[in-house]
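Structural overview
Each chain, letter by letter, is given below.
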Amino acid sequence: MGAASARLPAAASPVIRALNLLYLALKTIHVSCVVMTISLFLVRGFWMLQDSPRLQQRWVKILPHVIDATLLTSAILLTFQIGQYPGVNGWLTAKVTALLLYIGLGTLAIKRGRSKRVKVAAWLGAILVFAYIVSVALTRQPVPDWI
Ligand code: HEM
């Protein structure tokens, strides 16, 4: 559980209660975007494998940007809420760095890869990087314990 815990003492002030509620709302938005972004990325990857024209649909080109912008906005607001920041706290630095890698690999996989081979490798790489980001988020550690 984060710094702003969901469990509050009965005597917690209204301000603390409001901040706690805000934290929970932001985290819910953040995690919902996490689920949506990877689901859409997996589907787009399957369409890429099949050379499907569905990849060219207008909503398929727009929706990921909307989801990712919301993901990032909620991420930034969450860092203020817990008072931990990329460049200061290792796990958040690792998250942002891995996010940039995920975006780069994702672009290669869906758009810029020159061959199917490159696209598939980038797609699989992006999925692995995504799993790493989730592990960092859950443990608040840049390097998992089992390494
Ligand atoms: C694809 C990218 C991302 C994924 C998959 C992801 C995943 C997650 C998940 C699963 C949680 C919930 C953790 C829990 O329940 O304890 C979380 C929380 C959080 N994330 Fe992200 N995140 C991403 C990007 C980012 C970025 C770029 C930042 C920072 C700029 C960030 C900052 C945070 C913060 C501050 C929390 C709250 C942590 C806590 O209170 O324990 N996230 N993230």
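These remarks concern the structure in this document. (Residues numbered from 1 in each chain as written. Predicted model: local features only at pLDDT ≥ 70, side-chain atom pairs only at ≥ 80, totals over all residues.)

Below, the discussion takes up the overall build of the protein chain. Counting its secondary structure elements, the protein chain contains four helices and zero strands. Reading the protein chain from its N end, one meets helices and strands in the order α-α-α-α. Its C-alpha atoms give the protein chain principal-axis dimensions of roughly 60 × 35 × 20 Å. Burial status across the protein chain gives 14% buried among its 147 residues. (Helix = DSSP H or I, 4+ residues; strand = E, 2+ residues; numbered from the N terminus. Buried ≥ 20, exposed ≤ 12 C-beta atoms within 10 Å, placed from the backbone.)

Let us now look at helix H2 (residues 58-82). Every α-helix winds through 3.6 residues per turn, so residues three or four apart in the chain are directed the same way. Compared with the 36 Å implied by 1.5 Å per residue over 25 residues, the 37 Å span of H2 between its first and last C-alpha is a close match. If you check which residues of H2 are buried, you get Ile67, Ser74 and Ala75. Elements that come into contact with the buried residues of H2 comprise helix H1 (14-49). Downstream of H2 by a residue or two, Gly83 has a phi angle that is positive, lying close to 65°. (Expected span 1.5 Å × (residues − 1). Contact = placed C-beta atoms within 7 Å.)

Before going further, it helps to examine the nonpolar core. Formed by Phe41, Tyr102, Leu105, Ala109, Ile110, Ala122, Trp123, Ala126 and Phe130, the largest nonpolar core amounts to nine residues. Mapped onto this core, the elements with two or more residues apiece are helix H3 (90-112) and helix H4 (116-139). Non-local contacts of Phe130, meaning those with residues more than four positions away in its chain, are made with Ile38 and Tyr102. (Core = buried A, V, L, I, M, F, W, Y, C linked by C-beta atoms within 7 Å.)

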